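Understanding the architecture of this molecule
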Amino acid sequence: PYDFVGRIQLADPQIHLEVSNSFGVPFGIELLDLEARFKDASMTPIILGPDINPIIIDAPSINQVGETVESLTAIDSNNSNINDIASTDLTGIQFSVNALGNPTGFMNNFILDTSHLDVNVEVVIPMHLRAEGLELADTFDFDIGGGEDFSQENVKSFMFQLETENGLPLEISTQVYFLDNNDDYLDSLFNEQNWNILPSGVIDDDGKVIMITYNKVEVPLTDAQIENVFMAERIMIKAMMETTDEGTKDIKFYSTNSLGFKLGARAEVSVTSDGNN
């Protein structure tokens, strides 16, 4: 298992509040002192527009006894700053509530024994966001052994080649670690200060990928790396990801986004013939 590292900032989160009311009493729910708390202990005020605060729950009039009235309130970036606080650094929200009766003015109220109030809250998270410093990793079994004719002693050179086609709106830095059978570190494929960087796909002003970015890298191994590769029994592939322009630009994900890669190895070996083979 690998802990999630990094930060995601949503660009267009939405909260939909749907209420079905057959009470003959309209309600108002006023949210006060709203603040968001974050991991670094900072606080950000949550600002709601006057058209949604108080939240009005409509009711049937005296001429609609027995009927149900629907109310829908949508909180989004058009009427609040919800996009400013919707990130993975968010730890909580604090607020107080003021309940109002007949918030739009006096009307004849009624309540029946069959009256009911149904509330449905829907959180909508479009894949429209920005991200920085995300880290993902996975570990696999690895064995490069090839018998007597392919051992460290007769390998003259060894090279890995990685080809990628990046159709994601993400800049991806990759690293490959070689581990022993106890998952202890032996070596890495790329220099620790110079990870392999896959440029993101080209995006338009709306954050959508419009062109795939191609990349090819060849990594010749040193003698020390070759020795560690032959000792390795596990490899860890780690990826660090950010949205375009180092996590400063909002992007959108679509079902057409893709990431393709080819990983190959080439070795030059010397083999001694016994005269019969």
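These numbers come from a predicted model, not from an experiment.

**Observations regarding the overall build of the protein chain**
The number of helices and strands found in the protein chain is three helices and 19 strands. Taking 2.2 N^0.38 as the reference for a compact globule, 277 residues should give roughly 19 Å; the C-alpha atoms of the protein chain span a radius of gyration of 30 Å, well beyond that estimate. On the principal axes, the C-alpha backbone points of the protein chain span a range of 110 × 40 × 35 Å. Taken over 277 residues, the protein chain has a buried fraction of 38%. Partitioning the contacts of the protein chain with sequence separation of at least 6, the portion at a separation of at least 24 is 83%. Split by element, the accessible area of the protein chain, about 16400 Å² in all, is 51% carbon and sulfur. Taking the 13 positively charged and 46 negatively charged side chains of the protein chain as two groups, their mean positions are separated by 7 Å.

**Points about the environment of Leu129**
Structurally, Leu129 can be placed in strand 9 (residues 128–141). Setting aside anything within four residues of it in sequence, one finds Leu129 in contact with Ile8, Gln9, Leu10, Ala11, Thr243, Lys249, Asp250, Ile251 and Phe253.

**What to know about the packing of aromatic side chains**
All told, the structure shown has four aromatic pairs when counted by the stated rule. Between Phe142 and Phe178 the ring centres are 6.0 Å apart and the planes differ by 50°, which places this aromatic pair in the tilted class. Of this pair, Phe142 sits in the loop between strand 9 and strand 10 (155–166) while Phe178 sits in strand 11 (residues 170–179), and the two are 36 residues apart along the sequence. Between Tyr177 and Tyr185, the aromatic rings sit 6.0 Å apart at their centres with planes inclined by 65°, giving edge-to-face as the arrangement. Here Tyr185 falls in the partly exposed class, since its relative accessible area comes to 48%. Taken together, Phe142, Phe158, Phe160 and Phe178 form an aromatic cluster joined through their ring pairs. Lying across the ring of Tyr254, Lys208 places its NZ or CZ 4.8 Å from the centre.

Reading guide: rules and limits
- Residues numbered from 1 in each chain as written.
- Predicted model: local features only at pLDDT ≥ 70, side-chain atom pairs only at ≥ 80, totals over all residues.
- Heavy atoms only, no water.
- Helix = DSSP H or I, 4+ residues; strand = E, 2+ residues; numbered from the N terminus.
- Rg over C-alpha atoms; globule rule 2.2 N^0.38 Å.
- Buried < 20%, exposed > 50% of the residue type's maximum accessible area, 1.4 Å probe, protein only.
- Contact = heavy atoms within 4.5 Å.
- Areas by Shrake-Rupley, 256 points an atom, 1.4 Å probe, with all protein chains shown as cover.
- Lys, Arg positive; Asp, Glu negative; His and termini not counted.
- Charge placed at Lys NZ, Arg CZ, Asp CG, Glu CD.
- Phe/Tyr/Trp six-rings, centres within 6.5 Å; stacked < 30°, edge-to-face > 60°.
- Lys NZ or Arg CZ within 6 Å of the ring centre and 35° of its normal.

Limitation: the analysis is restricted to geometry and does not speak to function.
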